[in-house]
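Descriptive analysis of the structure
Here is what each chain is made of, one letter per residue.
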Protein chains: 2
Amino acid sequence: MPQHLLTHFSDYISRQRLFDPAQKILLAVSGGVDSIAMAWLFKQAGYAAGIAHCNFQLRAAESAQDEAFVKQVAAALELPFHSVRFDTNAYVEAHRVTIQVAARELRYEWLEQVRAAEGYAYIATAHHMQDSVETALMNFTKGTGIAGLHGILPKQEKIIRPLLFTEKATLVAYAALHNITFREDSSNITDKYTRNYYRHQVIPRLQEAFPGAVRNMAATIERIKEAEHLYQEAVERHRKRLLFREGDTWKVPVGKLQQSIPLQTIAWELFRPFGCSSAQVQQVLSLLDSESGRYVETTTHRVIRNRQWLLITPLAMEAAPLVVIDADTPHVHFGGGQLRIRQQERGATPIPTAAAMAWLDAAQVAYPMILRKWKQGDYFYPLGMPRKKKISRFLIDQKLSLPQKENVWVLESNKRIVWIVGMRIDDRVKITPKTKVILSIEWMP
Amino acid sequence: MPQHLLTHFSDYISRQRLFDPAQKILLAVSGGVDSIAMAWLFKQAGYAAGIAHCNFQLRAAESAQDEAFVKQVAAALELPFHSVRFDTNAYVEAHRVTIQVAARELRYEWLEQVRAAEGYAYIATAHHMQDSVETALMNFTKGTGIAGLHGILPKQEKIIRPLLFTEKATLVAYAALHNITFREDSSNITDKYTRNYYRHQVIPRLQEAFPGAVRNMAATIERIKEAEHLYQEAVERHRKRLLFREGDTWKVPVGKLQQSIPLQTIAWELFRPFGCSSAQVQQVLSLLDSESGRYVETTTHRVIRNRQWLLITPLAMEAAPLVVIDADTPHVHFGGGQLRIRQQERGATPIPTAAAMAWLDAAQVAYPMILRKWKQGDYFYPLGMPRKKKISRFLIDQKLSLPQKENVWVLESNKRIVWIVGMRIDDRVKITPKTKVILSIEWMP
């Protein structure tokens, strides 16, 4: 097997169209056997690549040794080396997230920066077949729909996973065959607890029943992924049949929906884009038997029974007070409390971690600023994330109750949102090493 | 929960349209907590029902005690009682099947006989939520497609499973609440080994990670079942787009198929009805890049590349020799060897177990008989099975190689197949207690 690994590797990359051989790939390398084997495979296959290593500084000397080791591998393979050290614990405190979330956000944000800055086409991670199987199996056990069973995808935006075709045992054998050294304990910090439980307790039990369990499950996943494609095709047809637009409003004919089979799933796919949770689908379906005027409110829309139609309308944001803040407004009183604003030199003070306190790079913010309630369609770049995010989605992730959500204010500058007040600043206005002047805003609810 | 069980039970039956309250249901009751609880639920809900118990006589006194216990429950509930004793071990030897297969075949055959004879609408089995989850999980681990993940279905032909909505723990609590006794060790003989391993080793591990694992997985299965419906809808559309009939031949346009996404799954669904195995799909797809004249043979068809088409034609059965056997032909020589035929009184001799020897009820067989190779479309009622089966399917299940399959002969009488020579007789001509004269046929290859 390990002898053929290189061939299977190249085959997989071309069959899945992961990248073009002329493109340069940034390899995320922790120092463990998976990512080290990946680096060697890229080198052996002759693809242009560079190595990126994140030091999360969570295991003191060990973390430093991992970093030194990966640097040495990069030198041996004659590949460019990029590395970074994170104050992961500080990030955890500042954003009130778990270590896993912190590590993941820090890692992907930095990898994406390096990728874009250094002209790499994609970021490659060393997830293998079992990682994917574990993901699908965990979702199965947690409760999921068809989309939760496709496992880890080989390509998503700028991230590729060129080792998904192979088992860890094959990577280990390949390393042994080529006398490739790696760091034994380079633990996958971004990915712990439940996954490790599945890895060490569940999968081995399944392998006792069926020695080929991992490969079998990978085959299942592959088929489900294709089945999902056909499923989406059918969903799309039902959407066209059942959903009609009239300006801001969407209409669903009651009779046609009522006769749709399978009703639950079709309703879920139909109303999901309008902020409907899976638990709310039942409520929406109960409108099929109710009188006109009844309605259900999702996070973003109202679904109203109106004779033979369900009408879907955006939730009207109340004519919200809007506070304009000028450069000479140190105090702002508003519905959500008050803000105290001041400017200061960068200095050596550490960035405050309290969520009620925002430090923005003054050079990135312009007056007048606007303070208002958030509304549908709002988005921002949450601090520490490379992609923009809808605020509606952000608030869902924050697990706010509906009344809490209705009371969220945002601070706007230059038509972009710079702070979800009391929650998270925008990544584009954060303090960087280049920041000279800080705009410090304190929220007192 | 157990207080509400009865309500949920009736709801499930009406929601899934398992049967009409006016219909009479035959309950398969082993004596274990699941089936005993089911009997009580039917009684409490006021449905008309009867109890059927199979004694497989595999555990001596214990089997007899199970039978006596279930009889007593039937009496207490004032429900009709039907029972049977099987010589399971003899069946195992006669048909060279495992105890599990023997028990299943005997059980369903007999249940169906009782059902039809006594005017029951359906046979109800006591499978519960976890049984279904185990099935899906085993399939997942063995490798399956979307159809393998829907778990146990609530209704299939004449069999219904009205307890699929509930967990075993609820059934146990219900039994405790109503002081319902059951047989502790009434093991589910039809269903052992792998399933027990999942039940005792795998599921508890998953429940440690997610206490609601069984319910979660049941919810997953429910969604997959709906997704499968939409999947089939999409498959049907592709079939209409890609498959054209011309007399005996079906045509698939190469260009259109080539551009179909997802190709593997569409090809599998397209060619499967033509005897194509999942392993052969690759071979068929390679015809997309081959020159005219290349072909792949499935078990039943030939798929030929012919310019811009793939043509699917039934495998021409060779103009097969056909041997007519009259009442006065004790010896028959034919391509597959020779047959020696004689009649004898029933007597006390046990039915022979060798597959080369067929004992038929002479009263059910008429001359002339015809000996010929099997052909597409042939079917029979395999001994011990209540349903007819295509011979093509039977031969697949017997795991014969293609050349072996081509050499299978059948014996026909009255236009029905009475023996797959050297393999299995038809259920309709088997020896019964009423048999007086035996037609004994020995095959010498």
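Before any of the text, the structure's been laid out above.
Let me begin by describing the structure that accompanies this report. Predicted model only: the values in this text are computed from it and were never measured.

The rules behind each value
Residues numbered from 1 in each chain as written. Chains lettered and ligands numbered in written order. Predicted model: local features only at pLDDT ≥ 70, side-chain atom pairs only at ≥ 80, totals over all residues. Heavy atoms only, no water. Helix = DSSP H or I, 4+ residues; strand = E, 2+ residues; numbered from the N terminus. Buried < 20%, exposed > 50% of the residue type's maximum accessible area, 1.4 Å probe, protein only. Contact = heavy atoms within 4.5 Å. Least-squares fit on C-alpha atoms with pLDDT ≥ 70 in both. Pairing = 2+ DSSP bridges. Axes fitted to C-alpha atoms, helices over the stretch in contact; angles between N-to-C directions. Salt bridge = Lys/Arg side-chain N within 4 Å of Asp/Glu carboxyl O. Polar contact = N/O pair within 3.5 Å; in protein donor to acceptor, adjacent residues only side chain to side chain. Nonpolar A, V, L, I, M, F, W, Y, C, P; charged D, E, K, R; others polar. Phe/Tyr/Trp six-rings, centres within 6.5 Å; stacked < 30°, edge-to-face > 60°.

**Section: the environment of A102 of chain A**
Residues and elements named next belong to chain A. Here A102 is to be found in helix α5 (residues 99-118). Using a relative accessible area of 0% as the deciding quantity, one classes A102 as buried. Residues A102 and F394 lie 292 residues apart in sequence; the distance between their C-alpha atoms is 16 Å. Non-local contacts of A102, meaning those with residues more than four positions away in its chain, are made with T88, Y91, V92 and V97.

**Some thoughts on the relation of the copies chain B and chain A**
Note: a rotation about an axis with an accompanying shift along it relates these two copies of the chain. In the superposition of chain B on chain A (RMSD 0.3 Å, axial shift 0.2 Å), the rotation amounts to 179°. Taken together, the rotation and translation describe the operation of a two-fold axis. When each C-alpha of chain B is compared by its distance to the rotation axis, Y231 of chain B comes out closest, at 2.2 Å. In this assembly, 100% of the residues forming the interface of chain B have copies in chain A that are likewise at the interface, indicating an isologous arrangement.

**Thoughts on the sheet that holds strand β14 (residues 337-345) of chain B**
Residue and element names in this part refer to chain B. What the 4 strands build is an open sheet, ordered β13-β14-β22-β15; its pairing is antiparallel. Each edge of the sheet is formed by a strand with only one pairing partner; in this case those strands are β13 (331-334) and β15 (357-361). Within the sheet, the average angular offset between the axes of one strand and its neighbour, ignoring direction, is 20°. Bridging between β15 and strand β22 (residues 437-444) involves 5 bridges; their strand directions are antiparallel. Of the residues in β22, the one forming a bridge with L360 is L439.

**Some remarks on the interface of chain B and chain A**
Counting residues at the interface gives 45 residues for chain B, matched by 45 residues for chain A. For the pair chain B and chain A, the number of links is 0 salt bridges. Between chain B and chain A we count 18 residue pairs in polar contact (both at pLDDT 80 or more) in total. Elements represented by at least two residues in the side of chain B that touches chain A include exactly α6 (129-142), α8 (194-209), α9 (213-242) and α11 (263-271) of chain B. Looking at the side of chain B that touches chain A element by element, the count peaks at 17 residues for α9 of chain B. For the side of chain B that touches chain A, the per-class residue count stands at 25 nonpolar, 13 polar and 7 charged.

**So, the packing of aromatic side chains**
One pass over the structure, following the stated rule, counts 25 aromatic pairs over all chains. Measuring from centroid to centroid gives 5.7 Å for F140 of chain A and F140 of chain B, while their planes differ by 85°, and the two rings are edge-to-face. Residue F140 of chain A is found in helix α6 (residues 129-142), and its partner F140 of chain B is found in helix α6; the two belong to separate chains. The exposure class assigned to F140 of chain B is buried, which follows from its relative accessible area of 0%. On the basis of an interplanar angle of 85° and a centroid distance of 5.1 Å, the ring pair of F380 of chain B and F394 of chain B is categorised as edge-to-face. Of the two residues, F380 of chain B is situated in strand β17 (residues 379-380) and F394 of chain B in helix α13 (residues 391-397); the sequence distance between them amounts to 14 residues. We note that F380 of chain B, like F394 of chain B, is buried.

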